[in-house]
Amino acid sequence: MTGYRVADVMTRQVIYLPAETTLDEAARVMKEADIGDVVVTDGANLAGILTDRDIVVRAVAENANANTTTIGSIVTREVVMIEQFCTAGEAASLMRERGIRRVLVCDNERKLVGIVSLGDLAMQLDPTSALSEISEQSPTV
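Attention here is on the structure that accompanies the text. This one's a predicted model, so the numbers in the text were calculated from it and none came from an experiment.

## What about the environment of R12?
On the secondary structure map, R12 appears in the loop between α1 (6-9) and β1 (16-18). For R12, a relative accessible area of 54% translates into the label exposed. When residues no more than four places from it in sequence are discounted, the contact partners of R12 are A7, V113 and G114. A polar atom in the side chain of R12 sits 3.2 Å from the backbone oxygen of A7.

## What about the pairing of strand β5 (residues 102-106)?
Counting buried residues in β5 gives 5 out of 5 residues, a clear majority hidden from the surface. Every second residue of β5 is oriented toward a common face, with R102, L104 and C106 on one face and V103 and V105 on the other, all of them buried. Relative to β5, strand β4 (residues 81-83) runs parallel, the two sharing 3 bridges. Along β5, the bridge assignment pairs M81 with L104. Crossover connection from β4 via helix α4 (residues 88-98) to parallel β5: handedness right-handed. Examined bridge by bridge, β5 and strand β6 (residues 112-117) share 5 bridges and lie antiparallel to one another. Within β6, the position partnered with V103 by the bridge is V116.

## Let's talk about the sheet that holds β6
In a beta sheet, neighbouring strands are held together by backbone hydrogen bonds and run either parallel or antiparallel to one another. One open sheet holds the 3 strands; their spatial order is β4-β5-β6, and the pairing between them is mixed. Edge positions in the sheet fall to β4 and β6, since each has one partner strand and no second. With strand direction ignored, the average angle separating the axes of adjacent strands in the sheet is 35°. Sitting on the sheet, α4 is in contact with β4, β5 and β6, with an inclination near 165° to β4.

The rules behind the values
Residues numbered from 1 in each chain as written. Predicted model: local features only at pLDDT ≥ 70, side-chain atom pairs only at ≥ 80, totals over all residues. Heavy atoms only, no water. Helix = DSSP H or I, 4+ residues; strand = E, 2+ residues; numbered from the N terminus. Buried < 20%, exposed > 50% of the residue type's maximum accessible area, 1.4 Å probe, protein only. Contact = heavy atoms within 4.5 Å. Polar contact = N/O pair within 3.5 Å; in protein donor to acceptor, adjacent residues only side chain to side chain. Pairing = 2+ DSSP bridges. Right-handed = clockwise from strand over helix to strand, strands pointing away. Axes fitted to C-alpha atoms, helices over the stretch in contact; angles between N-to-C directions.

Everything listed is a geometric property; what it means functionally is a separate question.
What follows is the structure in structure tokens.
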């Protein structure tokens with residue numbers, strides 16, 4: 001994994017949803033795109049990242065109404081970014097230090113160009129590992 005850059009393993013498909021989007025709509029978009037996260041915007045600004053796990057842990061566990069609760073009310077607002085030419089090992093270390101499973105990827109001008117997940121890194125490190133197999137089957141990693 002040491003020779004790989006984040007740009008080599010990241011997912012380039014980034015879906016943006018406004019903070020006013022309801023949970024049920026966000027979940028539908030994630031399912032249709034077969035992804036486990038969306039970037040949440042507040043107007044022209046980045047508000048945070050929402051994962052499928054956020055929907056389950058923060059919303060379902062708190063009995064939030066999926067038809068009326070907005071993603072802006074449960075979004076993870078602390079955004080962690082890494083530059084696309086950093087190594088995959090640096091991305092893994094950052095995830096471990098922060099206790100997170102996904103990191104937004106930016107270019108040298110801090111423009112968002114992708115998302116790298118723990119599953120993306122596992123697939124590159126060992127495509128036959130159990131984590132890699134799970135990553136291929138489900139966006140929930």
